[in-house]
Amino acid sequence: MTIDHESVPRPGGPLSARRHLGTELLDRPAAGLRVRTASQVGRHRRPFRSRVALPAGLLGSDALALAAAVVLTAPGRPPLTAVALLAVLVPLNASGGLYRSRLTVSALDDLPALAARAAVSVAFAVTLAGPAPLLRLAALLAAFTLLACLARGAVYALLRRARRRRPSPTLVLGAGQLGQRVAAALLEHREYGLRPVGHLDSQPVLLAPDAPLRLLGGLDALESQIRRKRIHHVVATEGTADNAATAAALRRAARLGCRVWVVPQLREYAALGRRGTDQLWGFPCVPLELPALRRPSWALKRALDVAAAGLGLVLLSPVLAACALAVRFDTGPGVLFRQQRTGLDGQVFTLLKFRTLRPSNEHESATRWNISQDHRMGAVGRLLRRTSMDELPQLWNVVRGDMSLVGPRPERPYFVMRFGQAYPEYQDRHRVPVGLTGLAQVNGLRGDTSIEDRARFDNRYIESWSLWQDAKILLRTAALMLHPDGS
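Residues numbered from 1 in each chain as written. Predicted model: local features only at pLDDT ≥ 70, side-chain atom pairs only at ≥ 80, totals over all residues. Heavy atoms only, no water.

(A) Representation of the overall build of the protein. Scanning the protein for helices and strands turns up 18 helices and 10 strands. The buried share among the 487 residues of the protein stands at 48%. Summarising the internal contacts of the protein: among those between residues at least 6 apart in sequence, 76% fall at separations of at least 24. As displayed, the protein has an accessible area near 23700 Å², and 62% of this comes from carbon and sulfur atoms. (Helix = DSSP H or I, 4+ residues; strand = E, 2+ residues; numbered from the N terminus. Buried < 20%, exposed > 50% of the residue type's maximum accessible area, 1.4 Å probe, protein only. Contact = heavy atoms within 4.5 Å. Areas by Shrake-Rupley, 256 points an atom, 1.4 Å probe, with all protein chains shown as cover.)

(B) View of the side chain of Asp110. Tracing the sequence through the fold places Asp110 in helix α5 (residues 107-129). By relative accessible area, which is 3% here, Asp110 ends up buried. Side chain to side chain, Asp110 and Tyr156 meet in a polar contact 2.5 Å long. Ignoring any residue separated from it by four or fewer positions in sequence, one finds Asp110 in contact with Leu98, Arg102, Arg152 and Tyr156. (Polar contact = N/O pair within 3.5 Å; in protein donor to acceptor, adjacent residues only side chain to side chain.)

(C) Representation of the pattern of salt bridges in the model. On inspection of all chains with the given rule, the structure shows 17 salt bridges. Of the charged contacts in the structure, one is a salt bridge between Arg102 and Asp110, with a shortest N-O distance of 3.0 Å. Pair check on accessibility: Arg102 and Asp110 agree, each one buried. Across the pair Asp458 and Arg429 runs a salt bridge, and its minimum N-O distance is 2.8 Å. (Salt bridge = Lys/Arg side-chain N within 4 Å of Asp/Glu carboxyl O.)

(D) Local environment of the sheet that holds strand β4 (residues 259-262). Ordered by their spatial adjacency, six strands build an open sheet running β2-β1-β3-β4-β6-β5, and the pairing between neighbours is mixed. Looking at which strands have only one partner, the edges of the open sheet turn out to be β2 (194-200) and β5 (278-280). Neighbour-to-neighbour, the strand axes of this sheet turn through a mean angle of 35°, independent of strand direction. Examined bridge by bridge, β4 and strand β6 (residues 283-287) share two bridges and lie antiparallel to one another. When the sheet's bridge partners are listed, Val262 is paired in β6 with Val286. With respect to the sheet, helix α7 (residues 177-188) is in contact with β1 (168-173), β2, β3 (233-236), β5 and β6, its orientation differing from that of β2 by roughly 155°. This element, helix α9 (residues 244-255), spans β1, β3 and β4 of the sheet and lies at about 150° to β4. (Pairing = 2+ DSSP bridges. Axes fitted to C-alpha atoms, helices over the stretch in contact; angles between N-to-C directions.)

(E) Highlighting helix α17 (residues 451-463). Compared with the 18 Å implied by 1.5 Å per residue over 13 residues, the 18 Å span of α17 between its first and last C-alpha is a close match. Where α17 is concerned, the buried positions are Ile451, Asp453, Arg454, Ala455, Asp458, Asn459, Tyr461 and Ile462. Packing partners of the buried residues in α17 comprise α10 (297-315), β9 (404-406), α15 (413-422), α16 (439-442) and α18 (467-481). Residue Ser450 occupies the N-cap position of α17, its side-chain oxygen lying 3.3 Å from the main-chain nitrogen of Glu452. (Expected span 1.5 Å × (residues − 1).)

(F) Quick look at the packing of aromatic side chains. A complete count under the given rule lists four aromatic pairs for this structure. Plain terms: the ring middles of Trp298 and Trp465 are 4.9 Å apart, the flat faces sit at 55° to each other, and that makes the pair tilted. With a gap of 167 residues between them, Trp298 in helix α10 and Trp465 in the loop between α17 and α18 connect regions that are remote in the sequence. On the basis of relative accessibility, which here comes to 4%, the residue Trp465 falls in the buried class. Ring geometry for Tyr414 against Phe415: centres 5.0 Å apart, planes inclined by 80°, an arrangement best described as edge-to-face. Put simply, the rings of Tyr414, Phe415, Phe419 and Tyr426 touch in pairs and so form one group of aromatic residues. One cation-aromatic arrangement involves Lys301 over Trp298; the distance from NZ or CZ to the ring centre is 5.2 Å. (Phe/Tyr/Trp six-rings, centres within 6.5 Å; stacked < 30°, edge-to-face > 60°. Lys NZ or Arg CZ within 6 Å of the ring centre and 35° of its normal.)

In structure tokens:
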């Protein structure tokens, strides 16, 4: 769970680690410090039809191929066999990326994965529908693989035709040699469905007078150009994704609803075998994953948060009551401690905790970094902090939607301002709701530890988010609570 820290950082502590917070830094304008909310950013999503046409077409082609194969090779019990096969085949294909949208589409590229997953599905269907002759099973597998490959070939042919007729407006980030070559390839090969409308480059080279595309501005023009030209895709070139400003621009484009592709300078990316790696007329092309908040599984995360937090409040009600009584006798009236914290999109909310120490004033509460060694803390407060039971009221924050069970640590606005000035990646933590526990905490980054390291782990959590990762973090948190260290 998150641990509150409210004292002035000691010399050499996290505020001074790796980067000195000098006067000139604190006086500098906090560029990008104000994180706009989702409503302020707005979203310019690709048309729903373009986002679901290919997955729906591939799913339909697999279902038709499966039905035809069952009718041809197993006419005795086609409904049961077809349903059993489909129930296994679709999740397997989806997990293998066989329904995802791609730039380069080929039925022959899909053939090995289709055959392997069909074999697993046939084996599973046999256990449900009863034994069948080996020859019939082999015929079913061969028929489905062949029909599915042919059906996908037809879907891809229709897709290429549709892409040539109505390519999607695309921005190319980078106006160097690689950016110009990629733009030329897209203009010449319309089967990729991307129609470049211009370059964005903060340090542009001089484009030739007869260049097919013109420079539309720097990265600061990204949002306005996306809206003005109704951009659906953004292609980053020249290795600019390694640049902090470009990385922030790509994240902003993804939040606005664009599909983002990165064309790295290193061609060996194509040989990595990474799932999702694509190619664009011979150039390796890596799609950025959808932002965590836009994935369908995020709704399930929220449902699990509400269910688990609500159940926790009910089951732990005796513990909550005991803690409240202990705090009341130890520190007097005012059992709950309310403090302003920064959450999703920089929005401020009121975090709840059991009071472990009564600060002298609001300024101390808002700006003091750590109170673990404060002599004013009594025995009850020290016990609550050591066992993290002072954090239990935050379950109500989870139910309300202020927080999640797992996410970046919520920090006070004063420190968000200072850390945002000192560490460029710190503000990126606010792309998802804050949490009771997180990847940074379970890796020991609590208390007076490096803020830069915390931000790195928090952003790693966001970029690799999955429900299973949340489950692992919760399990590791439970293990850590069995050996509390009071931090």
